[in-house]
Amino acid sequence: MISLTPDPHDFLDLDRELSCEERGIRDAVRDFAADRLSPQVADWYETGSLPARELAKDFGVMGLLGMHLEGYGCAGTSAVAYGIACRELEAVDSGLRSFVSVQGSLAMYAIHRWGSEQQRQQWLPAMAAGEAIGCFGLTEPDAGSDPGSMRTHAVRDGSDWVLSGTKMWITNGTVADVAVVWAQTDHGIRGFVVPAGTPGFTAHEVKHKLSLRASLTAELVLDGVRLPADAVFPEVRGLRGPLSCLNEARYGILCGVVGAARSSYQAALEYTLTREQFGKPLAGFQLTQRKLADLLIEVNRAGLVALQIGRLKDAGRLHHHHVSFGKMANVRAALDVARTARAMLGANGISLEYPVMRHMANLETVLTYEGTEEMHALSLGQALTGLPAFR
Ligand code: FAD
């Protein structure tokens, strides 16, 4: 007889909605995460470090880098499969998913979508294998939510381009072999492929972060960086270029945060079932059960949103407003889950021995990067009313 009792770890039976290939990828990434990432992540977080080179190679062997892209050594999986991989990585730590997102959805996607054939051949196979690390420089000290106000600029000098400016908060900037840098030109914003060794290019670590500590963050300084004519993306001009990449990465985020939420919920469930106060497990009190029910609903609702948005993406029916919906809804849900779970673990909730406060602190970054909650609310407002209210 089939039991109809819901599984607390997959309450809506969403696993059954996955294809064989998607389930296989879920298992492979989950096992890899349990063996290679989970045992060390608290140390990386505490020390604010990451063995990025080794990890890049491991991610490459797993086929996780640019995994939803076609050709050039990329795995070419479905969007749903890529989302599942992001979820399993972020169940360990948002910083690890960020590494894979920045490499695959920002740097590699930019080159794949907008690069010349020569740029693709030069960088993508090495990046897919994790032999070359990429970063994506859009944000500046004075241009965050409003990237159109960026000051970094590129001017022609003969056939060369000369880039000057500063990029801020750039994930993987200190270990990158190549940076995709967006700059103002006489013909609008354009994207440049900048090898890290180019004279005038330097990367400085951003220290003192209280969030996303298992991730390397940099300031990039471009001081008269001279590049050959073919370093520019040949066709794309304006914000359409970087925004198309952000849309890809935001999809990974809205799936990834389901993992951070799930991990926090599972920690709270396990903890309250075993921890006793007033003579019985905490999970036996009505107030605790109410919290567990709330967490369960948030985790599963976010999972459904991610799955549906992934199916829309695979069907070629995804609009960037869908992505705003998912990013806003799922990051908010994950943050609520992590905050509630943190309190449910009492004093242990603030310890790195448990994952919840690490997730909670990470999710503050995830709420801010790739479009803050306010930016996605404005995107949804525009979708509903036709009235842009960004400025
Ligand atoms: P601001 O734009 O200054 O916003 C501050 C606050 O004002 C926010 O709450 C915002 O929502 C609000 N606000 C702004 N405009 C409006 C408005 N019109 N109406 C109402 N409220 C508004 N960037 C990259 O290019 N590459 C990376 O790899 C990268 N990695 C990152 C890693 C980390 C750890 C962090 C923290 C950031 C990273 N970023 C990266 C930068 C990130 O994308 C920006 O921080 C983000 O876009 C917000 O910009 P800002 O911090 O300048 O905030």
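Residues numbered from 1 in each chain as written. Predicted model: local features only at pLDDT ≥ 70, side-chain atom pairs only at ≥ 80, totals over all residues. Heavy atoms only, no water.

Structural notes on the pattern of salt bridges
- A complete count under the given rule lists 23 salt bridges for this structure.
- The residue Arg262 makes a salt bridge to Glu88 at a minimum N-O spacing of 3.0 Å. Here Arg262 is found in helix H6 (residues 240-274), whereas its partner Glu88 is found in helix H3 (residues 79-90), with 174 residues between them in sequence.
- Under the relative-accessibility criterion, Arg262 is labelled buried at 13%.
- Look at the salt bridges and you will find they share partners, linking Arg30, Arg87, Glu88 and Arg262 into a network. (Salt bridge = Lys/Arg side-chain N within 4 Å of Asp/Glu carboxyl O. Helix = DSSP H or I, 4+ residues; strand = E, 2+ residues; numbered from the N terminus. Buried < 20%, exposed > 50% of the residue type's maximum accessible area, 1.4 Å probe, protein only.)

Remarks on the packing of H6 against helix H9 (residues 356-368)
- Contact geometry for H6 and H9: axes closest at 9 Å, N-to-C directions at 155°. Put simply, H6 runs roughly antiparallel to H9. Here H6 runs over H9; the crossing is left-handed. Of the residues in H9, those in contact with Ile253, Val257, Ala260, Ser263, Ser264 and Ala267 of H6 are Val356, His359, Leu363 and Val366.
- The residue makeup of the contact of H6 with H9, split by class, is seven nonpolar, three polar and no charged. (Axes fitted to C-alpha atoms, helices over the stretch in contact; angles between N-to-C directions. Parallel < 35°, antiparallel > 145°, perpendicular 65-115°, else oblique. Left-handed = near helix turned anticlockwise from the far one by under 90°. Contact = heavy atoms within 4.5 Å. Nonpolar A, V, L, I, M, F, W, Y, C, P; charged D, E, K, R; others polar.)

Digging into the layout of surface pockets
- Taken as a whole, the largest pocket holds about 1,400 Å³ of empty space.
- What lines the largest pocket is a set of 48 residues, among which Gly144, Leu246, Arg250, Glu370 and Gly371 lie closest to the centre.
- Residue composition of the lining of the largest pocket, grouped by class: 18 nonpolar, 22 polar and eight charged.
- Each of domain 1 (14-128) and domain 3 (241-385) accounts for three or more of the residues forming the lining of the second largest pocket. (1 Å grid on protein atoms, 1.4 Å probe; cavity = no way out; pocket = protein on both sides within 12 Å on 5 of 7 lines; lining within 4 Å. Points joined across faces, edges and corners; volume = space filled by probe spheres on them. Domains from an automatic or database assignment.)

All quantities given are derived from atomic positions and should not be read as evidence of function.
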